[in-house]
Amino acid sequence: MIVKVLVKDKRTLEGARYRDFYSYYSAYKYIKTRLDRVILVKIKIDGGEIIHTLQEFISFMEMEEML
């Protein structure tokens, strides 16, 4: 499973790029430190992909932490 995080980045010509993570938690930690730059989260799984808005992904992770 790969978690792709789309990040606005002024350092690249395209203005946005994906960062790959191999766990939800590592993506979550990255997002929490860069809330001003992250646009959306895309989770690639064997059968396809799931796209979450930033707020949906954060809410999902916060619920997981409560369990």
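From a predicted model like this one, the values you see are computed outputs, not experimental measurements. (Residues numbered from 1 in each chain as written. Predicted model: local features only at pLDDT ≥ 70, side-chain atom pairs only at ≥ 80, totals over all residues. Heavy atoms only, no water.)

Visitor: I'd like a rundown of the environment of glutamine 55, residues and numbers included.
Guide: Take glutamine 55: it is sitting in helix α2 (residues 54–66). On a C-alpha basis, the gap between glutamine 55 and leucine 40 in space is 8.6 Å, while along the polypeptide they are 15 residues apart. (Helix = DSSP H or I, 4+ residues; strand = E, 2+ residues; numbered from the N terminus.)

Visitor: Tell me about the nonpolar core, and please be specific about residues and values.
Guide: If you look at the biggest cluster of nonpolar residues, it comprises 15 residues, and the most contacted ones within it are Val3, Val5, Ile31, Val38 and Phe57. Secondary-structure elements contributing two or more residues to this core are β1 (2–8), α1 (24–33), β3 (38–45) and α2. (Core = buried A, V, L, I, M, F, W, Y, C linked by side-chain atoms within 4.5 Å. Buried < 20%, exposed > 50% of the residue type's maximum accessible area, 1.4 Å probe, protein only.)

Visitor: For the pairing of β1, give the residues involved together with the corresponding values.
Guide: Every other side chain in a regular strand lies on the same face of the sheet, so the side chains alternate between the two faces. The buried count for β1 comes to five of seven residues, which makes it a mostly enclosed element. The pairing of β1 with strand β2 (residues 16–21) spans six bridges and is classified as antiparallel. Bridged to valine 3 within β2 is phenylalanine 21. (Pairing = 2+ DSSP bridges.)

Visitor: Account for the sheet that holds strand β4 (residues 48–53), with residues named and values stated.
Guide: Here four strands make up an open sheet; going across it, the order is β2-β1-β3-β4 and the pairing antiparallel. At either end of the open sheet lies a strand with only one pairing partner, and these are β2 and β4. Strand-to-strand twist in this sheet, taken as the mean axis angle between neighbours without regard to direction, amounts to 25°. With six bridges connecting them, β1 and β3 associate as antiparallel partners. By the bridge assignment, isoleucine 2 is partnered in β3 with lysine 44. Set on the sheet, α1 makes contact with β1, β2 and β3; between it and β1 the angle comes to about 15°. Strands in contact with α2 are β3 and β4; relative to β4, the strand with the most contacts, it is inclined by about 95°. (Axes fitted to C-alpha atoms, helices over the stretch in contact; angles between N-to-C directions. Contact = heavy atoms within 4.5 Å.)

Visitor: Account for the packing of aromatic side chains, with residues named and values stated.
Guide: Ring pairs (aromatic) are described by centroid distance and by the angle formed between their planes. According to the stated counting rule, one finds three aromatic pairs in the structure shown. Between tyrosine 24 and phenylalanine 57, the ring centres sit 6.4 Å apart and the planes meet at 50°, which makes this aromatic pair tilted. Of this pair, tyrosine 24 sits in helix α1 while phenylalanine 57 sits in helix α2, and the two are 33 residues apart along the sequence. Phenylalanine 57 gets classed as buried once you look at its relative accessible area, which sits at 0%. An angle of 75° between the planes, with centres 5.7 Å apart, marks the rings of tyrosine 24 and phenylalanine 60 as edge-to-face. With tyrosine 24 in helix α1 and phenylalanine 60 in helix α2, this residue pair connects regions lying 36 residues apart in the sequence. Judged by its relative accessible area of 34%, phenylalanine 60 is partly exposed. Among the aromatic residues, those joined into a ring-pair cluster are Tyr24, Phe57 and Phe60. (Phe/Tyr/Trp six-rings, centres within 6.5 Å; stacked < 30°, edge-to-face > 60°.)

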